[in-house]
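# Residue-level structure breakdown
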Amino acid sequence: MQLIQENPDLSAYLAADEVIDHHHPRVRETAERLARGVDDSYEYARVAFDFVRDTIAHSQDSGDLRVTWRASDVLERRTGICYAKTHALAALLRAEDIPTALCYQYLGVVHGLVAVRFHGAWHRQDPRGNKPGVDARFSLEGERLAFTPDAASGERDHPVLYAAPHPAVLDALRSARDRPRLWRALPTVL
């Protein structure tokens, strides 16, 4: 699949905003802690990915009813669905000057991923969190995502790389008081 940058300006994929708030002290402290002892940006990206995948619970898996969406809140509360986890990973990567995009798959509902830019190319990553049947890994040598869309069922990858969360995703997150309400509001199209 050919990934398409929504914005041709690569600096857009390093920007901070209300959601990917990588200037927030909690994000900065976490990024600095993760960066200690790593040799290069590739190793940092892998460490940050593993941190988000493994230490921030996917709220559906853990049963947590809280809805998080801002990266700093996700890091503080250590919970979130796929979108929230991608916001946290994007903030940690951008905090260390690694261009990071938000991207999506359609799997009956919209599922969130990130893409990192290394060696002149974008590489999609899925920090959703592993569980039986899901084994996502950080990789620049071919995708190791949590899910592969089933084309026969109408599932598909969305090729656009967004610099900021898609408005449909952000609206669903912001309007839900708890995860059960969020589940009923998850976007099915972008």
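The notes below deal with the structure included here. Just so you know, these numbers come straight off a predicted model, no measurement behind them.

Within helix α1 (residues 25–35), burial applies to V27, T30, A31 and L34. Projected down its long axis, α1 carries its buried residues within an arc of 100°, all on one side. Here the buried face of α1 lies against α2 (41–55), α4 (71–77) and α5 (82–95). Looking one or two residues beyond α1, the residue adopting positive phi is G37, at roughly 85°.

Along the chain, L190 falls in the segment after α7 (179–185). Exposure remark for L190: the relative accessible area of 35% places this residue in the partly exposed category. Once residues lying within four places of it in the same chain are set aside, the contact partners of L190 are Y104, V110, H158, H166, A168 and V169.

As for its position among the elements, H87 is in helix α5. Aside from chain neighbours lying at most four places away, what touches H87 is V19, I20, W69, A71, L102, P165 and L173.

About the thresholds
Residues numbered from 1 in each chain as written. Predicted model: local features only at pLDDT ≥ 70, side-chain atom pairs only at ≥ 80, totals over all residues. Heavy atoms only, no water. Buried < 20%, exposed > 50% of the residue type's maximum accessible area, 1.4 Å probe, protein only. Helix = DSSP H or I, 4+ residues; strand = E, 2+ residues; numbered from the N terminus. Arc of directions from axis to C-beta. Contact = heavy atoms within 4.5 Å.

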